[in-house]
Amino acid sequence: MAAGAGVDAALVHHYFGTKEQLFAAAIHIPVDPMTVLAPIREIPVEELGFKLPSVLLALWDSELGTGLIATIRSLIAGADVSLARSFLEEVLTAEVASRVDNPPGTGTIRAQFFVSQLMGVVMARYIVKIEPFASLPAEQIVQTVAPNLQRYLNGVLPDGLAR
């Protein structure tokens, strides 16, 4: 990323720390992504699809969530979505993909299906506010989407998805 911008990677690291912190600064996320990503690393893959939605919905429903939703709205409304795409690919997808790459070659697509489902929840609940979905208790949403999220991570996928 630094090389693509013609900047010394050491300077980027000095001023922004991790890649996650750089993305957070660039897209104005009001929370350090490591606040969410660090605990994810401690959750066993077999439980990730069930536990992560609870963590994320609690965050999105909090005061910080208001800023996150505003950032997402801004990114979606912008003409250049490449920064949002980079964040989703290089931070969120990368964080999950290496842990779910079984059989080998399926990690990235598994993580992308997982992230797409979570982004769908954000869009329907917080951006478009589709009722009654937007008003459902967070736990009902978690209980409903978690089995599918978990299937994306370690369930059987249709042939042809490995890359």
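Throughout what follows, the structure given in this document is the object of discussion. (Residues numbered from 1 in each chain as written. Predicted model: local features only at pLDDT ≥ 70, side-chain atom pairs only at ≥ 80, totals over all residues. Heavy atoms only, no water.)

1. A closer look at the environment of Gly105
Phase 1: Along the chain, the position of Gly105 falls in the loop between α6 (82–97) and α7 (107–127).
Phase 2: In sequence terms Gly105 and Leu161 are 56 residues apart; their C-alpha atoms lie 8.4 Å from each other. (Helix = DSSP H or I, 4+ residues; strand = E, 2+ residues; numbered from the N terminus.)

2. As for the pattern of salt bridges
Phase 1: The final tally for this structure, using the stated rule, is three salt bridges.
Phase 2: Of the charged contacts in the structure, one is a salt bridge between Lys51 and Glu47, with a shortest N-O distance of 2.8 Å. Here Lys51 pairs with Glu47, and both are found in helix α4 (residues 45–60), just four residues apart, close to one helical turn.
Phase 3: Taking the relative accessible area as the measure of exposure, Lys51 reaches 41% and is therefore partly exposed.
Phase 4: For the salt bridge of Arg125 with Asp61, the shortest nitrogen-to-oxygen distance reads 3.5 Å. (Salt bridge = Lys/Arg side-chain N within 4 Å of Asp/Glu carboxyl O. Buried < 20%, exposed > 50% of the residue type's maximum accessible area, 1.4 Å probe, protein only.)

3. Some thoughts on α7
Phase 1: If you check α7, its first and last C-alpha atoms are 28 Å apart, about what 21 residues at 1.5 Å a residue would give, namely 30 Å.
Phase 2: Once α7 finishes, Lys129 follows within two positions and takes phi at roughly 55°, a positive value. (Expected span 1.5 Å × (residues − 1).)

4. Describing unusual backbone geometry
Phase 1: Cis geometry is found at the peptide bond from Asn102 to Pro103, where omega equals 5°.
Phase 2: Omega for the bond connecting Glu131 with Pro132 falls within 30 degrees of zero, at 10°, which places this linkage in the cis form.
Phase 3: Within the secondary structure, Pro132 is located in the loop between α7 and α8 (138–154).
Phase 4: The phi dihedral of Lys129 falls on the positive side, at around 55°, and the residue is not glycine.
Phase 5: If you trace the backbone, Lys129 turns up in the loop between α7 and α8.

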